[in-house]
Amino acid sequence: MRHSSDDLPLALYSAAQVRALDAALIAAGTPGFELMQRAAHIIWRALRREWPEVGAVTILTGHGNNAGDGYLVAALARRAGWQVRVLAVSEPQRLQGDAALARDEACAAGVEILNWQADSEPRGVLVDALLGTGLAGEVREPYSLAVDWINRSGQPVLAVDIPSGICADSGQVLGQAVTAHLTVTLIGLKIGLFVGQVLDHVGRLVFDDLQADAEIVAGQPSVAHRLAGEMLPRVAPRQPTTHKGQLGHLLVVGGDQGTGGAALLSAQSALRGGAGMVSLATRAEHIGAAQTRLPEVMSLAVASANQLNVLAGKITVWVVGPGLGQGAWGRSLLSAAAAASGVQVWDADALNLLATDNVRIVPGSVITPHPGEAARLLGISTAELQADRPAAARALARRYDVVCVLKGAGTLVADPAGRLLVCDRGDPVMAGAGLGDVLAGLIGALIAQGCSTWQAAALGVWVHACAGESLAHKGNGLAASDLCDAIRHLLQERAACRN
């Protein structure tokens, strides 16, 4: 689901990288307490904009700079005439450095500071200034009890920097996490705000760089980048003399008994994605349906790998796996594809068969696993994979020497060199069967038209997600085939913008 807007920066950082950026700003002459004051003003402004009529705020504080931000917000709210309480989960007198200065400012403003209790009454907007980005292990008492108290309160919740209990590097819920309506994150965007379980916790996301020096920011390394339209390639515009032979010949291999629809979806997506010619190698029983539904596709009944080998020399891009099955027929066709030349996109059962180590994928290909398939490829549980999706995507790209598209909320694109892209577009209406088959066909079509595997994976993921977004207003019940026309229109809009 999309939680962010296109005006956010593209660079994403680990928690350690953001701390290094903060330290670099301080070393360059901006005092830490001044940065904290800037943060408090940004948070307070966002709070008032979101809930202008509430007039009351309860701020839960822990220790460290996250608590310091909270104390300064309390001082601002008190001076603005709001009813303000700080409920301290960690003893305020233990605060040090800038956080202690912030506590003193709250006291000077007349803020009521109380120890948090399980029977404390929640009032107004609750501000989560408990743990921030420094959390290493699972949330422990009393913080876990305070997190549960926040979530059960029924009050609007603003999280400072990141919802407490979320790993800033992976998006994993560390035992228990605050569910916020609004998260105000500062200095640098944390990758953990865009991947994994965090998407159920972050709410609407607001970012401010605290007037950070642009040169200092540019000099700091990042761990990944958000996918955004301005960074993505456009398929080359067609000239008056363009013909289908210049736009690639894509072959979809799949559709075992009872699963012909998956291969048809990939073929339909490849057509709408602009491939010059599309062929489909499938079971004989699916040919009638294929020719009726997609007369533009050259549908071929294939019973063995030998028949597939006859086609191999004519194919620019292979899309292998949708509805392929894991029986003898599917294994035979996958082996033939693995021995062929040409760029390949492997999906679905091609990946399940790849996980058995009985076949090797052509280096430089694209794989598009969902979390279950990715876990099998890495030999770990799905829960382990979901706990650190960025690491898993990179591991798969390196292991198989491919571009990996790890599907799911916050789809990731990784390559063997370590590049990583995060897609924060899309909508929950896309939680349905066949969407992955459409994505595989689209990526293949973009490769057929001249995109590199990296470009095609990035552009394909973004267009696919935006197509789902564009149809979200129609409600649940999205059929995978609904995306194909939306994909065509989005690609045309991008081409028109270029011209």
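Residues numbered from 1 in each chain as written. Predicted model: local features only at pLDDT ≥ 70, side-chain atom pairs only at ≥ 80, totals over all residues. Heavy atoms only, no water.

This part takes up the sheet that holds strand S3 (residues 83–88). Read across the sheet, seven strands follow the order S4-S3-S2-S5-S6-S7-S8 without closing on themselves; strand pairing throughout is parallel. With partners counted over all chains shown, the strands left at the sheet margins are strand S4 (112–115) and strand S8 (204–208), one partner each. Across the sheet, the axes of successive neighbouring strands diverge by a mean angle of 20 degrees, strand direction being ignored. Pairing of strand S6 (residues 157–160) with strand S7 (residues 182–186) involves three bridges; the strand directions are parallel. (Pairing = 2+ DSSP bridges. Helix = DSSP H or I, 4+ residues; strand = E, 2+ residues; numbered from the N terminus. Axes fitted to C-alpha atoms, helices over the stretch in contact; angles between N-to-C directions.)

Moving on: the side chain of Lys-190. One can find Lys-190 in the loop between S7 and S8. Polar side-chain contacts of Lys-190 include one of 2.7 Å to the backbone oxygen of Leu-186. (Polar contact = N/O pair within 3.5 Å; in protein donor to acceptor, adjacent residues only side chain to side chain.)

Among the structural elements, Asp-119 can be located in the loop between S4 and strand S5 (125–129). Between the alpha carbons of Asp-119 and Trp-149 there is a distance of 8.9 Å; along the sequence they are 30 residues apart.

What the domain assignment reports for the protein chain is domain 1 (5–225) and domain 2 (231–494). Placing a centre on the C-alpha atoms of domain 1 and another on those of domain 2 gives a separation of 40 Å. If you look at the interface, domain 1 gives 14 residues, while domain 2 gives 14 residues. Summing both partners gives a buried area of about 1100 Å² for domain 1 against domain 2, and 61% of it is carried by carbon and sulfur. For the interface between domain 1 and domain 2, the tally reads four residue pairs in polar contact (both at pLDDT 80 or more). (Domains from an automatic or database assignment. Contact = heavy atoms within 4.5 Å. Buried area = accessible area lost by both parts, 1.4 Å probe.)

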